[in-house]
Amino acid sequence: MSEKKAATIAVRAGINSDQHHGAVIPAIHLSSTYGLKGFNEKGAFDYSRTGNPTRATFAQAIADLEQGAVGVVTSTGMAAVHLLCQLLDTTDTIVIPHDCYGGSFRLFTHLAKRGLFKLVVVDQNDPQALTQALATQPKIVLIESPSNPLLRLVDIANVTAQAHAVGALVAVDNTFLSPVLQQPLRLGADIVFHSTTKYINGHSDMVGGVLVTKTQALGEQLAWWANCIGITGSAFDSYLALRGLKTLPLRMQQHQVNANAVAEFLANHPAVEQVYFPGLSDHPQHQLAKQQQYDFGAMMSFKLKGGEAAVKVLFEKLQLFTLAQSLGGVESLISHPATMTHAGMEVEAQLVAGITASLVRLSVGIEDVNDLIADLSQALAASQAI
Ligand SMILES: *Cc1c(COP(=O)(O)O)cnc(C)c1O
């Protein structure tokens, strides 16, 4: 059979695999422990921290979607980021982007302060700075594209080639797009990871993470550490994520129809100073987005005129965009990176990353898009009337 498409992989994951009852949908296995077949005769599973059938089905589905060898499911997205750090010795260097996810930035900077590894923070779109960073011969180069919250892209194939030339492994945070819209392993990366809390589960009712490796050996190493430090994902969360996953390709289609319309609306609105969305033809990396992504995603941010006072009114007046952290669920969310997702960053670091008080971020959901635009329209008007 030819290589299966994402929608088929997502829907068929685990279907019809039950040997005992013929259940079409894979069961959720909550048992913490598994009986041995006999003295010194282990079965496929023995203890749920180490391995669990529900988690294994979910891990395989994501590995298939990313076209990788091994999937390692973790308790949260941050647990997946933390797991990467287990590959580093105290003399090793990791290179991270200056505008990476706030939680990742906090983790790397604090662990590096304790001397667990060396850290280099760099703008990967600055060729000179990148060359300097790679001259440290890092063990890992972390890429996040598009970035949060300014939707800056990094040329994954290009940075990966340069990182490989100095012997580094490349790990890509693919949370903002999901494997349906971008497959970093196909662009050369060695590891791709997600907060499954976001698009992969898609219903904002669990937290989880996953890493997928290109090679079997690297996957086994990460799975060994995940069991060792005890950060594997729960059966119940794996079950929910597997259920959410079935509609991922379908959801992404609608997310994008809505996001494109919302971005166009914002770009033409007098209250909006600037929109950051790779799907707009004036986005500086619109061409790169077309080249390395299958579509533009549904995350965007914009600068509102009128500063923090206007932002406050906007948040108060919106009814269909909930003021909340997180992203990637069916429901539309709005957030204020400076005081929310990126509050863990020093103000100077925020400004270097381009995060100001008038910047707001949208996760465009799959509600009716005309309702979303009408809601934005009334709230934007109110924000300018103060
Ligand atoms: C949310 C997020 C994370 C962290 O995931 P959690 O599930 O919240 O621990 C990492 N990277 C990105 C890009 C995220 O959006």
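Fair warning: this is a prediction, and the values are worked out from it, not measured in the lab.

Looking at the overall build of the chain
Logical step 1: For the chain, the count of helices and strands is 13 helices and 12 strands.
Logical step 2: For a compact globule of 386 residues, the expected C-alpha radius of gyration is about 21 Å, and the chain comes in at 21 Å, within 12% of that figure.
Logical step 3: Expressed along its principal axes, the backbone C-alpha trace of the chain runs to roughly 75 × 50 × 40 Å.
Logical step 4: By the burial criterion, 55% of the 386 residues in the chain qualify as buried.
Logical step 5: Look at the contacts in the chain between residues 6 or more apart in sequence, and 71% of them connect residues 24 or more apart.

A look at unusual backbone geometry
Logical step 1: A cis amide bond links serine 145 to the next residue, proline 146, at an omega of 0 degrees.
Logical step 2: The residue proline 146 is located in the loop between strand S4 (140–144) and helix H6 (156–165) in this model.
Logical step 3: With an omega of 5 degrees, the peptide bond running from asparagine 148 to proline 149 counts as cis.
Logical step 4: Summarising the element assignment, proline 149 is placed in the loop between S4 and H6.
Logical step 5: Residues other than glycine seldom take positive phi values, yet asparagine 16 does so here, at roughly 65 degrees.
Logical step 6: Summarising the element assignment, asparagine 16 is placed in the loop between helix H1 (6–12) and helix H2 (53–66).
Logical step 7: What makes asparagine 16 exposed here is its relative accessible area of 55%.
Logical step 8: Positive phi is not limited to glycine here, since serine 178 has a value of about 75 degrees.
Logical step 9: Topologically, serine 178 is positioned in the loop between strand S5 (169–173) and strand S6 (191–195).

Section: the sheet that holds strand S3 (residues 118–122)
Logical step 1: Spatially, 7 strands are ordered S1-S7-S6-S5-S4-S2-S3 in an open sheet, and the strand pairing comes out mixed. At either end of the open sheet lies a strand with only one pairing partner, and these are strand S1 (70–74) and S3. Ignoring strand direction, the axes of neighbouring strands in this sheet form an average angle of 20 degrees.
Logical step 2: Summarising the sheet, S4 and S5 pair through 5 bridges and their orientation is parallel. Following the sheet pairing, glutamate 144 is matched in S5 by aspartate 173.
Logical step 3: Strands S1, S6 and strand S7 (209–213) of the sheet are contacted by H2, whose axis makes an angle of about 125 degrees with S1.

Details of the domain arrangement of the chain
Logical step 1: According to the domain assignment, the chain contains domain 1 (6–245) and domain 2 (248–383).
Logical step 2: Summarising the inter-unit geometry, the C-alpha centres of domain 1 and domain 2 are found 26 Å apart.
Logical step 3: Where domain 1 abuts domain 2, roughly 3,300 Å² becomes buried across the two surfaces, and 62% of that area is made up of carbon and sulfur atoms.
Logical step 4: Counting the surface domain 1 buries against domain 2, the share from its top three residues, Leu153, Leu181 and Tyr199, is 23%.
Logical step 5: Summed over the shared surface of domain 1 and domain 2, the result is 0 salt bridges.

Quick notes on the packing of helix H3 (residues 77–85) against helix H4 (residues 102–113)
Logical step 1: Axis separation between H3 and H4 bottoms out at 10 Å; the angle between their running directions is 35 degrees. Here the hand of the crossing between H3 and H4 comes out right-handed. Residues Met78, Val81, His82 and Cys85 of H3 form the contact with H4, whose participating residues are Gly103, Ser104, Leu107, Phe108 and Leu111.
Logical step 2: The residue inventory of the contact of H3 with H4, partitioned by class, reads 6 nonpolar, 3 polar and no charged.

Examining the sheet that holds strand S9 (residues 299–304)
Logical step 1: As summarised here, the arrangement of the 5 strands in space is S8-S9-S12-S11-S10, forming an open sheet in which the pairing is mixed. What marks the edges here is a single partner per strand, and that holds for strand S8 (272–276) and strand S10 (322–323).
Logical step 2: Against the sheet, helix H11 (residues 307–317) touches S9, S10, strand S11 (333–335) and strand S12 (359–363), its axis set at about 130 degrees to S9.

The rules behind each value
Residues numbered from 1 in each chain as written. Predicted model: local features only at pLDDT ≥ 70, side-chain atom pairs only at ≥ 80, totals over all residues. Heavy atoms only, no water. Helix = DSSP H or I, 4+ residues; strand = E, 2+ residues; numbered from the N terminus. Rg over C-alpha atoms; globule rule 2.2 N^0.38 Å. Buried < 20%, exposed > 50% of the residue type's maximum accessible area, 1.4 Å probe, protein only. Contact = heavy atoms within 4.5 Å. Pairing = 2+ DSSP bridges. Axes fitted to C-alpha atoms, helices over the stretch in contact; angles between N-to-C directions. Domains from an automatic or database assignment. Buried area = accessible area lost by both parts, 1.4 Å probe. Salt bridge = Lys/Arg side-chain N within 4 Å of Asp/Glu carboxyl O. Left-handed = near helix turned anticlockwise from the far one by under 90°. Nonpolar A, V, L, I, M, F, W, Y, C, P; charged D, E, K, R; others polar.

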